[in-house]
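# Fold and geometry: a report
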Amino acid sequence: MAKRIDGKEISSAMLDKVALEVAALKEKHIEPCLAVILVGDNPASQVYVRNKQRACERVGIRSVSHILPAETTQAALLDLIDTLNRDETVHGILCQLPLPEHLDSEQVLLAIAPEKDVDAFHPVNVGKITIGNADLLPCTPAGVMEMLRYEGISPAGKHCVVLGRSNIVGKPMALLLLAANGTVTVCHSKTPDLAAMTRQADILVSAVGRRGLITADMVKPGAVVIDVSINRDENGKLCGDADYDAVSVVASAITPVPGGVGPMTIAMLMRNTVTAAKAQNGIN
Ligand code: GUN
């Protein structure tokens, strides 16, 4: 029976460490501050933003929320980002995605100063991740790496199969696993015979967003299964891509949904905000 990798427990330990770092910075009269921008009224985004505010409160980071109406113009949004870029009391800027259709997300992400880009979505930070010298790591993939480290699971020499190639999860996940000496395969919607690929995985990371995608017969006995997706089942209950109960019989370890990767993402955002605050104050 697989070990359940408890994201709540691991993220809680990480947040305790971040809180200590925040307290040490406050001794130096530096108050780490995260600015969160939310445009429109996407209910999932509202929940994420609320959870981010709560995490800030828990670790002592000042959080400033800019909740803007759905009809906000590109110019107004860029103007706000420019103001936050110049504000020395703000160390991290996060613009919650997805943005309403009429806004150009790429231009918005480019406008955030790379040193304040706590999502690590700016091409400068993506480039640094690619060459392996990034300070700010993408939150969800970094959270997965922390979970593996906490559980004593090293990707080195393992076959890591990543399902999904998004800029937020799949691509940076593959880069971090590669940097940790994994042998990495990235699968996506055009990959033929997905099961043939997943059955080769020692570490299987799924970020597709389709419930029931990963069945027990697709998992190699003893594999580690990291389920990044948050879906809803027919009763409206949260679930991941993997059939948790059946896959648990085959895998050696598995992350639940909820309570797996989700809490880790927010902990990594808190860590990035502290990293950004330190860098902006010449502390390393
Ligand atoms: N929307 C879904 N995930 C994320 C994330 O990690 N960062 C931002 N900014 N928006 C998101």
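This text follows the structure it describes.
Here is what the cut-offs are and how they apply
Residues numbered from 1 in each chain as written. Predicted model: local features only at pLDDT ≥ 70, side-chain atom pairs only at ≥ 80, totals over all residues. Heavy atoms only, no water. Helix = DSSP H or I, 4+ residues; strand = E, 2+ residues; numbered from the N terminus. Polar contact = N/O pair within 3.5 Å; in protein donor to acceptor, adjacent residues only side chain to side chain. Patch = residues over 30% accessible without salt bridge, like charges linked within 9 Å, V, L, I, M, F, W, Y side chains within 5 Å. Areas by Shrake-Rupley, 256 points an atom, 1.4 Å probe, with all protein chains shown as cover. Salt bridge = Lys/Arg side-chain N within 4 Å of Asp/Glu carboxyl O. Buried < 20%, exposed > 50% of the residue type's maximum accessible area, 1.4 Å probe, protein only. Pairing = 2+ DSSP bridges. Near = heavy atom within 4 Å. Nonpolar A, V, L, I, M, F, W, Y, C, P; charged D, E, K, R; others polar. Core = buried A, V, L, I, M, F, W, Y, C linked by side-chain atoms within 4.5 Å. Contact = heavy atoms within 4.5 Å. Expected span 1.5 Å × (residues − 1). Axes fitted to C-alpha atoms, helices over the stretch in contact; angles between N-to-C directions.

If you trace the backbone, Asn231 turns up in strand S9 (residues 231–232). A polar contact is formed between the side chain of Asn231 and the backbone oxygen of Gly240, at a distance of 2.8 Å.

So, on to a nonpolar patch on the surface. A cluster of nonpolar side chains, contributed by Tyr48, Ile230 and Leu238, occupies part of the molecular surface with about 250 Å² of accessible area. For Tyr48, the position within the fold is in helix H2 (residues 43–59).

The buried count for strand S5 (residues 159–163) comes to five of five residues, which makes it a mostly enclosed element. Pairing analysis gives five bridges linking S5 to strand S6 (residues 183–187), with the strands arranged parallel. Its bridge partner being in S6, Cys160 is matched across the sheet by Val184. As paired elements, S5 and strand S7 (residues 203–206) share four bridges and run parallel to each other. Across the sheet, residue Val162 finds its bridge partner in S7, namely Val205.

What follows is about the site of the ligand. Near the ligand the following residues occur: Leu94, Cys95, Gln96, Leu97, Asp119 and Phe121. Between the ligand and Leu97, the relevant distance is 2.9 Å, taken from a nitrogen atom to a main-chain nitrogen or oxygen of the residue. Coverage of the ligand by the protein amounts to 80% of the 280 Å² it exposes when considered alone. Taken together, the residues of the shell around the ligand sort by class into four nonpolar, one polar and one charged.

This part covers the pattern of salt bridges. Enumeration over the complete set of coordinates arrives at ten salt bridges. The partner of Arg271 in a salt bridge is Glu146, with the nearest N and O atoms 3.0 Å apart. In this pair, Arg271 is assigned in helix H10 (residues 261–280) and Glu146 in helix H6 (residues 139–150), connecting sequence segments 125 residues apart. Taking the shortest distance from any N to any O, the salt bridge between Glu234 and Arg211 comes out at 3.0 Å.

Here the focus is the nonpolar core. Ranked by internal contacts, the top residues of the largest apolar core, which has 51 residues, are Leu34, Leu148, Ile226 and Met270. If one sorts the elements of this core by residue count, H10 sits on top with ten residues. Ignoring any residue separated from it by four or fewer positions in sequence, one finds Leu148 in contact with Ile153, Pro155, Leu177, Ile203, Val224 and Ile226. Ranked by size, the runner-up nonpolar core spans 16 residues in total, among them Cys33, Ile37, Val90 and Cys95.

The terminal C-alpha atoms of H6, which comprises twelve residues, lie 16 Å apart, in line with the 16 Å expected from a rise of 1.5 Å per residue. With respect to burial, H6 is a largely interior element, ten of its twelve residues being buried. Within H6, burial applies to Cys139, Thr140, Pro141, Ala142, Gly143, Val144, Met145, Glu146, Met147 and Leu148. Buried residues belonging to H6 abut helix H1 (7–27), helix H7 (170–179), S7, strand S8 (224–227) and H10. After H6 finishes, the residue Gly152 shows a positive phi value of roughly 70°.

A few words on the environment of Val162. For Val162, the position within the fold is in strand S5. Owing to a relative accessible area of 1%, Val162 belongs among the buried residues under this scheme. Sequence separation between Val162 and Asp104 is 58 residues; the distance between their C-alpha atoms is 28 Å. Every residue in contact with Val162, bar those within four places of it in the chain, is listed here: Gly170, Met173, Ala174, Leu177, Val184, Thr185, Val186, Cys187 and Val205.

The strand order across the open sheet formed by three strands is S3-S2-S4, and the pairing between neighbours is parallel. The sheet is open, and its two edges are formed by strand S3 (62–68) and strand S4 (92–95), each paired on a single side. The average undirected angle you get between the axes of adjacent strands in this sheet is 15°. The pairing of strand S2 (residues 33–39) with S4 spans four bridges and is parallel. Note that in S4 the partner of Leu34 across the bridge is Gly92. This element, helix H3 (residues 74–86), spans S2, S3 and S4 of the sheet and lies at about 180° to S2.

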